[in-house]
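Structural description and commentary
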Amino acid sequence: MIEIIIEQSTNAEGEPTFQWTVWDEDQQIEIGRTTHFSADRCEESAVEYCWSQLGYKPDKVSRHQ
């Protein structure tokens, strides 16, 4: 099962930022190299990665704060 995990953090200016990782069961297979200011845009970026590099969309997307 391929899962995207969106992690939220806060930058030095106090703004929320988001970054993604892609997991296959218990193995991390990729981490996003771009920090996003929108959770939705971050998710779009991760889904784009899965589609272009893995050939399919993820089975699950989780957002963590």
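What comes next is a walk through the structure. All residue numbers refer to position in the chain's written sequence, counted from 1. Only residues with pLDDT of 70 or above have their local features reported here, since the model is predicted, and side-chain atom pairs are shown and tallied only from 80 upward, although totals for entire chains, interfaces and linings are computed over all residues. The side-chain quantities take in all heavy atoms of the structure and omit both hydrogens and water.

**As for the overall build of the protein chain**
What counts is decided by this rule: Put simply, DSSP marks the helices as runs of H or I at least four residues long and the strands as runs of E at least two long, and each gets a number from the N terminus on. The quantity called the radius of gyration is restricted to C-alpha atoms. Its globule counterpart is 2.2 Å times the number of residues to the power 0.38. Burial status follows relative accessibility: with a 1.4 Å probe on protein chains alone, a residue under 20% of its type maximum counts as buried, one over 50% as exposed, and anything between as partly exposed.
Counting its regular elements, the protein chain contains one helix and four strands. Its helices and strands in sequence order give the protein chain the pattern β-β-β-α-β, from N to C terminus. Compactness check: the protein chain gives a C-alpha radius of gyration of 12 Å against a globular reference of 11 Å for 65 residues, within 12% of the reference. Taking the principal axes of its C-alpha atoms as reference, the protein chain extends roughly 35 × 20 × 15 Å. In the protein chain, which comprises 65 residues, the share counted as buried stands at 32%.

**A closer look at the state of the cysteines**
Going by this rule: By definition, disulfides here are pairs of cysteine sulfur atoms that lie within 2.5 Å.
This model, assessed by the stated rule, comprises zero disulfides. Cysteine Cys42 remains unbridged, with the sulfur of Cys50 as its closest cysteine sulfur at 12 Å. Cys50 sits in the buried class, given a relative accessible area of 0%.

**A look at unusual backbone geometry**
Positioned with a positive phi, Glu25 is a non-glycine residue whose angle comes to about 60°. You can see Glu25 is positioned in the loop between strand S2 (16-24) and strand S3 (27-31). Of the residues examined, Glu25 reaches a relative accessible area of 56% and is grouped as exposed.

**Points about the sheet that holds strand S4 (residues 60-64)**
Just so we agree on the cut-off: DSSP bridges decide pairing: two strands pair if at least two such bridges lie between them. Convention adopted: a line fitted to C-alpha atoms gives each axis, helices being fitted over their contacting stretch, and angles between N-to-C directions are expressed from 0 to 180 degrees. Contacts are residue-level and defined by heavy atoms, with any inter-residue pair within 4.5 Å sufficient.
Spatial ordering of the open sheet is given by S3-S2-S1-S4, a layout of four strands whose pairing is mixed. Single-partner strands in this sheet number two, and they are S3 and S4. Pairwise comparison of adjacent strand axes, ignoring direction, gives a mean angle of 30° for this sheet. Here five bridges tie strand S1 (residues 2-10) to S4, and the two strands are oriented parallel to one another. Its bridge partner being in S4, Glu3 is matched across the sheet by Lys60. Strands S1, S2, S3 and S4 of the sheet are contacted by helix H1 (residues 39-54), whose axis makes an angle of about 30° with S2.

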